[in-house]
Amino acid sequence: MVYNFKEEMEKPERLAGGHRLCAGCGASIAVRGVLRALEPEDRAVVTNATSCLEVSTYLYPYTAYEDSYIHSAFENAAATCGGVETAYRVLKKKGKIKENFKFITFGGDGGTYDIGLQSLSGAMERGHDMVYVCYDNEAYMNTGIQRSSATPRFADATTTPVGSRSYGKIQNKKNLTEIIAAHNVPYAAQTTFMGNFKDLHEKSRKAIYTEGPCFLNILSPCPRGWRYEMENLAEICQLAVDTCVWPLYEIEEGVWKLNYEPKKKVPLEEFLKKQGRFKHMFAKGNEWMIEDAQKYVDDQWERLLKKCK
Amino acid sequence: MAIRDRLSGNEAVATAMRQINPDVMGAFPITPSTEIPQYFSSYVANGLVDTEFVAVESEHSAMSTCIAAEAAGARAITATSSCGMALMWELLYVASSSRLPVTMALVNRALTGPININNDHSDSMGARDAGWIQIYSETNQEAYDNFIQAMPIGENKEVRLPVMVCQDGFITSHAIENMELIEDEKVRAFVGEYEPENYLLKKENPMAVGPYGISAYYMEFKKQQAEAMKNAKKVILDVAAEFEELTGRKYGFFEEFMMEDAETAVVIIGSSAGTGKAAVDMLRQQGKKAGLIKIRVFRPFPMEELAEALSHVKAVAVMDKAESFSAAGGPLFAEARSALYDLEDRPKTINYVYGLGGRDITVEDFEHIFEEIFRIAESGNTGEVYRHIGQREADETRKDVEYKRYQLENNNWRWQSNGL
């Protein structure tokens, strides 16, 4: 099916306006983008980990979801989604439900890379027919920008603050997409908000309509945590991809495929300087930080290219 | 015709589960409840039930699965013990506040610190304020009967609360008893179909579960839960009455044993009540007016009813198989003594913490307890209220006696150490 931006945008929204997420936040774009890939006639149950997204979109008595929705706790979104999907299978078998439902989970990087990793791994291993979507904003934004294992090295977060003896986070970012791929799931991919949303849309569609446990990792910038001007969101996402900080790739039935190769790799500085959390890297005497970060990105990129060949 | 059989407590509960044929079971193994999902898996493997069995990676995910399945419109069950329940802790509150009548078989076991696989009630008592109905069983028969009553209670529209049916780890879970089973079709008819009004998979009405409940609404949620727990009292008795019609076996909030003219009484929960009854029998033969109350329903707590049942008694010993480290007594003691407070002429009340981590309690221990409360009844002097019984003391004069007991327990350990 050929992607038609205009047609997609004309579909009725499944995440209603009026939710309480910040302007310039990636999470709502991720949710909208993924849910838009559902066929209008298909029903869905959305599961959510405790997060910015959860407390902003389902604040009693208002829900922003047009579909059924369940939130239970921070670390169990995958198991919760698996529970709904299991109930669906048994009720369908018993003839109590006739319609087709799809099961989509949204978790932030805290609820996915960290506290929810066990639950996610369990659900992927058990093979529930579901899509787990991580909207990765690289820190615990809901509780006030504490570092997560998705936070990149050198980022100034509230539990890795820059100080006279600290240059921000010490460790590099965990590679969750590869961890999930190691579960041999039928489909896992990384994407973000690029141009006309073709990449996000096609990956969401594949994930939703591939049977079995599928995983999407969506880089979803956070204006509060990353400290950028909200209108710069799209530009930052483009830079993340063009600097190869966030490569777009997918693993389909074990086959790795790079979806976007920048014609000319943009220096990492261009991505870093748009964000307040990396400001200290540009101070005099800290040139080594940018060099180190660039080297890490280059190494990761080379490794990925080998996997995708 | 009822079916006579010999089953362990775990198998009895698994049998009840098979007869009910629930939609979803989420489970992770933990001693001593492990056999329940094992038995149940074999029913699944042999096509005896339609249930989807989800072998999750932790108890946390087991409860998450059950909560989600129940919200989706299915009937969900699990079984666990001890640390397994502790890992579910956070979600026990989610189940009750979302008003999802999940049913859990809890095979009581001590909580770690140090690790111990034997019976006491520290797991369920630790979760006593989580908003779950708690029903306790003395025997395998009761564990079976209580499990069959659990769903009609929890799923009642006036209640809609999760229910845990508790039995004592190893003591009943692994011991085989003669018991009477109900025919499959009668169990199914008694428990009925699960027909929630609203659920996630209802096509004409999408639903959202698990909101952010801000201060403007949170207290109303809690008040409604509290009201549901009050409503559960009547429903528990109604279901018990129906169950009595079906089986002839009578259940209430508690069982009164030789209480009619009792001057002293022991209040207790679970399998140790049997030992207590043997002591009461013996004392009665000696002409002593001893009695016993075995609490079956701890949540909701039958406050007025318990006060009424104890109103004519002069001295009471409340037995706790769990510490609460209040420095003032165990959890059952706090509830029972509070219940007695409204009586004009209330009995003297003391507390014994006993049986922690599988420590035996004997008929002799109960004799000693009754001696104490008869003395209190006579003198009116309570003395130390918060007591422990059955533990070794750093007392040189009692060393020989206690040492024998210590050896016996070590021997018991050999057969009990069959994995965690």
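Remember, predicted model here, so these are calculated numbers, not experimental data.

Concerning the overall build of chain B
Check the secondary structure of chain B and you find 13 helices and 16 strands. Computed over C-alpha atoms, the radius of gyration of chain B comes to 22 Å, within 12% of the 22 Å expected from 2.2 N^0.38 for 420 residues, which places it in the range of a compact globule. Seen through its principal axes, chain B has C-alpha atoms that stretch 70 × 50 × 45 Å. Across the 420 residues in chain B, those meeting the buried criterion constitute 57%. Within chain B, residue pairs in contact and separated by at least 24 positions form 81% of the contacts whose partners lie at least 6 positions apart. Accessible area for chain B stands at about 17,400 Å²; split by element, carbon and sulfur atoms hold 50% of it. Each charge class in chain B was averaged separately, 41 positive and 63 negative side chains, and the resulting centres sit 2 Å apart.

Some thoughts on the interface of chain B and chain A
Chain B puts 38 residues into the contact, and the matching count from chain A is 42 residues. Considering only the surface of chain B that becomes buried against chain A, Glu52, Leu201 and Tyr212 of chain B emerge as the three largest contributors, covering 19% of it. Our count for the contact surface shared by chain B and chain A stands at six salt bridges. At the junction of chain B and chain A, the tally comes to 19 residue pairs in polar contact (both at pLDDT 80 or more). Breaking the side of chain B that touches chain A down by element, the ones donating at least two residues are β3 (52–55), α3 (59–72), α4 (82–97), β9 (208–209) and α8 (215–247) of chain B. With eight residues, α3 of chain B is the single largest residue contributor to the side of chain B that touches chain A. The residue makeup of the side of chain B that touches chain A, split by class, is 23 nonpolar, eight polar and seven charged. Examined bridge by bridge, strand β4 (residues 68–71) of chain A and β9 of chain B share two bridges and lie parallel to one another. Looking across to β9 of chain B, one finds that Ile70 of chain A is bridged to Val209 of chain B.

A short note on the sheet that holds strand β6 (residues 133–136) of chain B
All names here are of chain B. With respect to topology, seven strands assemble into an open sheet ordered β3-β2-β4-β5-β7-β6-β13, the strand pairing being mixed. Where the open sheet ends on each side, the last strands, each with one partner, are β3 and β13 (297–299). The average undirected angle you get between the axes of adjacent strands in this sheet is 20°. As judged from the two bridges shared by strand β2 (residues 24–27) and strand β4 (residues 76–80), these two strands associate in the parallel manner.

What about the nonpolar core?
Residues and elements named next belong to chain B. In terms of nonpolar packing, the biggest core is built from 202 residues, with Met63, Ile133, Phe147, Leu201 and Leu310 touching the most fellow members. There are two domains that each give this core at least three residues, and those are domain 1 (3–192 + 214–247) and domain 2 (254–389). Apart from the residues lying within four places of it in its own chain, the contact partners of Ile133 are Ile153, Val159, Leu161, Pro162, Val163, Met164, Met229, Ala232, Ile236, Arg299 and Pro300. Of all hydrophobic cores here, the second largest spans 23 residues; its members include Ala315, Ala317, Met319 and Tyr352.

Concerning the pattern of salt bridges
All names here are of chain B. What the rule picks out here adds up to 53 salt bridges over all chains. Residue Arg18 is joined to Asp184 by a salt bridge in which the shortest nitrogen-to-oxygen separation is 2.9 Å. Placement of Arg18 in helix α1 (residues 9–20) and of Asp184 in helix α7 (residues 184–191) is noted, with a sequence separation of 166 residues between them. Classification of Arg18 by relative accessible area gives buried; the value is 18%. Lys186 serves as the salt-bridge partner of Glu183, at 3.7 Å between the closest nitrogen and oxygen.

Some details on the sheet that holds strand β5 (residues 101–108) of chain A
With respect to topology, nine strands assemble into an open sheet ordered β12(A)-β11(A)-β9(A)-β10(A)-β6(A)-β5(A)-β1(A)-β4(A)-β9(B), the strand pairing being mixed. Looking at the sheet topology across the chains shown, the edges are occupied by β12 (255–258) of chain A together with β9 of chain B. Summarising the sheet, strand β9 (residues 187–191) of chain A and strand β10 (residues 214–219) of chain A pair through five bridges and their orientation is parallel. Residue Tyr187 of chain A lies in a different strand from β10 of chain A, and its bridge partner there is Cys214 of chain A. Where helix α2 (residues 26–36) of chain A meets the sheet, its contacts fall on β1 (43–48), β5, β6 (131–136) and β10 of chain A, and the angle it forms with β5 of chain A comes to roughly 165°. Where helix α12 (residues 287–307) of chain A meets the sheet, it contacts β11 (249–252) and β12 of chain A, and its direction lies at approximately 125° from that of β12 of chain A.

Digging into unusual backbone geometry
Among all residues save glycine, negative phi is the norm, and among peptide bonds the norm is trans. Looking along the chain, the bond that leaves Gly113 of chain B and enters Pro114 of chain B is cis, with omega of -5°. Looking at where Pro114 of chain B falls in the secondary structure, it is placed in the loop between β5 (103–108) and α5 (122–126). Cis geometry marks the peptide bond from Arg299 of chain B to Pro300 of chain B; its omega dihedral reads -5°. One can find Pro300 of chain B in the loop between β13 and α10 (303–310). If you check the backbone angles, Asn184 of chain A has positive phi at about 55° while not being a glycine. Assignment of secondary structure puts Asn184 of chain A in the loop between α7 (176–181) and β9. Judged by its relative accessible area of 68%, Asn184 of chain A falls in the exposed class.

Some words on the confidence of the model for chain B
Low-pLDDT stretches of the model should not have their predicted coordinates read in fine detail. Confidence in the prediction of chain B, expressed as mean pLDDT, is 94, and 94% of residues score 70 or more. Among the scores for the predicted complex, ipTM is 0.96 and pTM is 0.96.

Considerations on the pairing of β6 of chain A
Remember that side chains alternate between the two faces of the sheet whenever the strand is regular. Residues and elements named next belong to chain A. Counting buried residues in β6 gives six out of six residues, a clear majority hidden from the surface. Note that β6 and β10 share six bridges and pair parallel. By the bridge assignment for β10, Val131 is matched with Cys214.

Parameters and conventions
- Residues numbered from 1 in each chain as written.
- Chains lettered and ligands numbered in written order.
- Predicted model: local features only at pLDDT ≥ 70, side-chain atom pairs only at ≥ 80, totals over all residues.
- Heavy atoms only, no water.
- Helix = DSSP H or I, 4+ residues; strand = E, 2+ residues; numbered from the N terminus.
- Rg over C-alpha atoms; globule rule 2.2 N^0.38 Å.
- Buried < 20%, exposed > 50% of the residue type's maximum accessible area, 1.4 Å probe, protein only.
- Contact = heavy atoms within 4.5 Å.
- Areas by Shrake-Rupley, 256 points an atom, 1.4 Å probe, with all protein chains shown as cover.
- Lys, Arg positive; Asp, Glu negative; His and termini not counted.
- Charge placed at Lys NZ, Arg CZ, Asp CG, Glu CD.
- Buried area = accessible area lost by both parts, 1.4 Å probe.
- Salt bridge = Lys/Arg side-chain N within 4 Å of Asp/Glu carboxyl O.
- Polar contact = N/O pair within 3.5 Å; in protein donor to acceptor, adjacent residues only side chain to side chain.
- Nonpolar A, V, L, I, M, F, W, Y, C, P; charged D, E, K, R; others polar.
- Pairing = 2+ DSSP bridges.
- Axes fitted to C-alpha atoms, helices over the stretch in contact; angles between N-to-C directions.
- Core = buried A, V, L, I, M, F, W, Y, C linked by side-chain atoms within 4.5 Å.
- Domains from an automatic or database assignment.
- pLDDT = per-residue confidence, 0-100.

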